[in-house]
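# Structural overview for review
Now for the letters of each chain:
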Amino acid sequence: MTGQVLAFDGIGQDFATPGSGGRIRVLDGISFDAEPGQFVAVIGPSGCGKSTLLQMAAGLLMPTRGNVKHHGRTIDSVNQAVGFVPQQAQLFPWKTLQENVELPLVLRSVPAEQRRAQVAKAIEAVGLKGFENYYPNQLSGGMQKRGSIARTLVYRPDVILMDEPFGALDAQTRMVMQNDLQTLSAEAGATVIFVTHDITEAVVLADRVVILSQRPSRLLANIAIDLPRPRDVFEPFKNPGFEQAYDAVWSVFRSQIDIRGAH
Ligand SMILES: Nc1ncnc2c1ncn2[C@@H]1O[C@H](COP(=O)(O)OP(=O)(O)O)[C@@H](O)[C@H]1O
Ligand SMILES: [Mg+2]
């Protein structure tokens, strides 16, 4: 068996419904895993529990049933070995870009000299060289997102969890970020779990697409995307084989969309 970096095994999650005293089943028996360096996209309707799954991998939430393993070890507390890029950039407004990116290394007691070198490398990798002394409000939304990614890359996690990271960006910035992420994740050799509700984004970036159903969420399909790399994110449908891969995902996912509600 090849070593899995991250494995979700029979995950179930029930939450208390605020006010009513009842419980709601969100996730129901979800199993999938990620091999070293794999890019796994997770798609599913809003509210199906995608963010909940990432929180479990980060050790911020324990599943009601099943477990998540990181290198074979069950995650039972905050998992500092994974990187988490949230939906909003969440850079500290009172810190410069340099200070924001440096923070995870300070928290890990990395010596100052080594910190400087790693921060410079991470900032350069996301294309923000020259902006080290800028505060977040002096950066565009896309640049803040880059800063947030640099802050994750800086401590070289072997797993990067990304929760709809480009959802709030305009379409052009989003494509540029997708393209950069493709390069960065390949260079870092990192395993990526990438949550999105955008099928095109999932297919163009991922090695596998995991499709979740509406609540209570089950795993509908885990589809391999065997397209050559690097892929053209700017004209995704021009990648050979893209259309068939897209259709394979869409044919499963469409059953989860309430067309009547879509107006
Ligand atoms: N801490 C919590 N307490 C109660 N309900 C929660 C909690 N976290 C998430 N939920 C519920 O779980 C469901 C899935 O949430 P989430 O994982 O954020 O979905 P997604 O990211 O797929 O949109 C939602 O119905 C949400 O209201
Ligand atoms: Mg979410």
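So, how was this worked out
All residue numbers here refer to positions counted from 1 along the written sequence of the relevant chain. Here every chain gets a letter starting at A, and every ligand a number starting at 1, in the order they are written. Reporting in this predicted model follows two pLDDT cut-offs: at least 70 for local features of residues, and 80 or more for side-chain atom pairs to be given and counted; totals over whole chains, interfaces and linings ignore these cut-offs and use all residues. To get the side-chain values, all heavy atoms of the structure are used, and hydrogens and water are removed first. Throughout, the term near means that a residue has one or more heavy atoms lying within 4 Å of the molecule or strand in question. Surface exposure here means Shrake-Rupley accessible area, sampled with a 1.4 Å probe, where a residue is shielded only by the protein chains that are shown. A run of H or I in DSSP counts as a helix once it spans at least four residues, and a run of E counts as a strand once it spans at least two, with each numbered from the N terminus. In this classification, the charged set is Asp, Glu, Lys and Arg, the nonpolar set is Ala, Val, Leu, Ile, Met, Phe, Trp, Tyr, Cys and Pro, and all remaining amino acids, among them Gly, are polar. Only heavy atoms enter the contact rule, under which two residues are in contact if any of them lie within 4.5 Å. We call a set of buried residues a nonpolar core when its members are Ala, Val, Leu, Ile, Met, Phe, Trp, Tyr or Cys and they connect through side-chain atoms within 4.5 Å of each other. Remark: exposure states derive from per-residue accessible area (1.4 Å probe, protein chains only) relative to the maximum for the residue type, with buried under 20%, exposed over 50%, and partly exposed in between. The split of the chain into domains comes from an automatic or database domain assignment. Each of two parts loses accessible area, computed with a 1.4 Å probe, when they are put together; buried area is these two losses added. Basic side-chain nitrogens of Lys or Arg form a salt bridge, by our definition, when they fall within 4 Å of a carboxyl oxygen of Asp or Glu. Two N or O atoms count as a polar contact when they lie within 3.5 Å, although within protein this holds only if one can serve as hydrogen donor and the other as acceptor, and sequence-adjacent residues are included solely when both atoms are side-chain atoms.

### Looking at the site of ligand 1
The local shell around ligand 1 consists of Phe15, Ala16, Val26, Pro45, Ser46, Gly47, Cys48, Gly49, Lys50, Ser51, Thr52 and Arg215. Starting from 560 Å² of accessible surface for ligand 1 in isolation, the protein chains cover 62%. Elements represented by at least two residues in the shell around ligand 1 include exactly β1 (6-16) and α1 (50-57). Residue contributions to the shell around ligand 1 peak at three residues, all from α1. Tallied by class, residues from the shell around ligand 1 come to five nonpolar, five polar and two charged.

### Quick look at the side chain of Thr191
With respect to the element layout, Thr191 can be found in strand β8 (residues 191-195). Among all residues touching Thr191, those that are not within four sequence positions of it are Val5, Ala34, Glu35, Pro36, Gly37, Gln38, Asp158, Val159 and Ile160.

### A word on the nonpolar core
Core analysis: the biggest nonpolar cluster contains 48 residues, and Ile149, Val209 and Val249 have the highest contact counts within it. Structurally, this core is a two-domain feature, drawing no fewer than three residues from each of domain 1 (36-62 + 73-81 + 157-257) and domain 2 (89-156). Once residues lying within four places of it in the same chain are set aside, the contact partners of Val249 are Ile43, Ile199, Val203, Val209, Ile211, Ile223 and Ile225. Ranked by size, the runner-up nonpolar core spans 27 residues in total, among them Phe8, Ala34, Val42 and Ala57.

### Quick word on the domain arrangement of the protein chain
Domains assigned within the protein chain are domain 1 (36-62 + 73-81 + 157-257) and domain 2 (89-156). Relative placement of domain 1 and domain 2: their C-alpha centres are 24 Å apart. Taken together, the contacts link 13 residues of domain 1 with twelve residues of domain 2. Summed over both sides, the interface of domain 1 with domain 2 buries roughly 1000 Å², with 71% coming from carbon and sulfur. Counting across the domain 1 and domain 2 interface gives one salt bridge. The shortest N-O distance in the salt bridge between Asp180 and Arg146 comes to 2.8 Å. The tally of links from domain 1 across to domain 2 stands at three residue pairs in polar contact (both at pLDDT 80 or more). Taken together, the elements giving at least two residues each to the side of domain 1 that touches domain 2 come down to β7 (159-163) and α5 (171-188). Element by element, the count of residues in the side of domain 1 that touches domain 2 is highest for α5, at five residues.

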